[in-house]
Amino acid sequence: MSSSDPTGWALPYWNYDRGGSTAQLPPSFREPTMADGRPNPLFVTERDEFINQGGSLDPMMTSPSLALAQLEFSLEGGPGLPGGFGGPVTGWQFIGPESPGEVEKTPHNDVHGAVGGSFGFMSGFDTAPLDPVFYLHHANVDRLWAVWRAQTDPSERADPTDSRWTGF
């Protein structure tokens, strides 16, 4: 346990935006079988074949730079307008004319599409959680939220307080 983590545990995440081998699906998710010959529960065939074979995600799909440059968490943007870091308030599933937040577009949506390909689990709203890498991807998006907040004076990058976001 470190002094910076009093809980003594950490949530793993896939930090694909560093480039190089980090832009590849982690090896433990690419091997169909484990060392002892049993099926690997982290491997699914319902992914883009290029990604499952160790291909790298395009840096344009993984870079959070545009999202991290946003000063506001949520902007009520319209079609083609910026939505801030997190985007406007939406229903439980984002469908609408508003632009999503920048982190929702890139890397969130782009990585889902690249890993899932045309018909893979990660490409579908209802099936994405069936791919074990879904959780590492979403943990990275959550990490990017913490990075966004820590960039400047906390009063400049604050979480939304609107009850539509907080539920209170």
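Preceding block: the structure.
How each quantity is defined
The residue numbers shown here count from 1 along each chain, following its written sequence. At least 70 in pLDDT is required for a residue's local features to be given in this predicted model, at least 80 for side-chain atom pairs to be given and counted, and no such filter applies to totals for whole chains, interfaces and linings, which use all residues. Side-chain calculation: all heavy atoms of the structure are included, whereas hydrogens and water are not. Only DSSP runs of H or I reaching four residues or more are called helices, and only runs of E reaching two or more are called strands; each is numbered from the N terminus. Relative accessibility decides the category of a residue: with a 1.4 Å probe and only protein chains considered, values under 20% of the type maximum give buried, values over 50% give exposed, and everything between is partly exposed. Neither His nor the chain ends contribute to the count of charged residues, in which Lys and Arg are positive and Asp and Glu negative. One speaks of a salt bridge when a side-chain nitrogen belonging to Lys or Arg is within 4 Å of a carboxyl oxygen belonging to Asp or Glu. Whether two residues are in contact is decided by their heavy atoms: any pair within 4.5 Å suffices. What a helix is expected to span follows from its residue count: subtract one and scale by 1.5 Å. In this scheme, the bend at a residue equals the angle between the axes fitted to the seven residues that finish there and the seven that begin there.

What is the right way to look at the environment of S56 in this model?
Here S56 shows up in the loop between α1 (49–52) and α2 (59–62). Along the backbone, S56 and Y16 are 40 residues apart, and their C-alpha atoms lie at a distance of 9.0 Å.

Can you help me understand the side chain of R30 in this one?
For R30, the position within the fold is in the segment before α1. Comment: no salt bridge for buried R30; closest opposite-charge side chain is E31, at 5.6 Å. Every residue in contact with R30, bar those within four places of it in the chain, is listed here: Q24, L25, F43, I51, N52, Q53 and G54.

So what exactly am I meant to see when it comes to helix α4 (residues 102–116) here?
Spacing of three or four residues puts side chains on the same side of an α-helix, whose turn is 3.6 residues. Its 15 residues give α4 an end-to-end C-alpha distance of 20 Å, which sits within 8% of 21 Å, the value for a rise of 1.5 Å per residue. The sharpest bend along α4 measures roughly 30 degrees and falls at H108. Where α4 is buried, its residues contact α1, α2, α3 (65–68) and α5 (133–150). Backbone geometry just downstream of α4 places G117 in the positive-phi region, at approximately 65 degrees.

What is the right way to read the pattern of salt bridges from this model?
Should their charged atoms come close, side chains of opposite charge can pair. Counted under the stated rule, the structure contains 5 salt bridges. A salt bridge links R47 to D131; the shortest N-O distance between them is 2.8 Å. With R47 in the segment before α1 and D131 in the loop between α4 and α5, the pair connects residues that are 84 residues apart, well separated along the chain.

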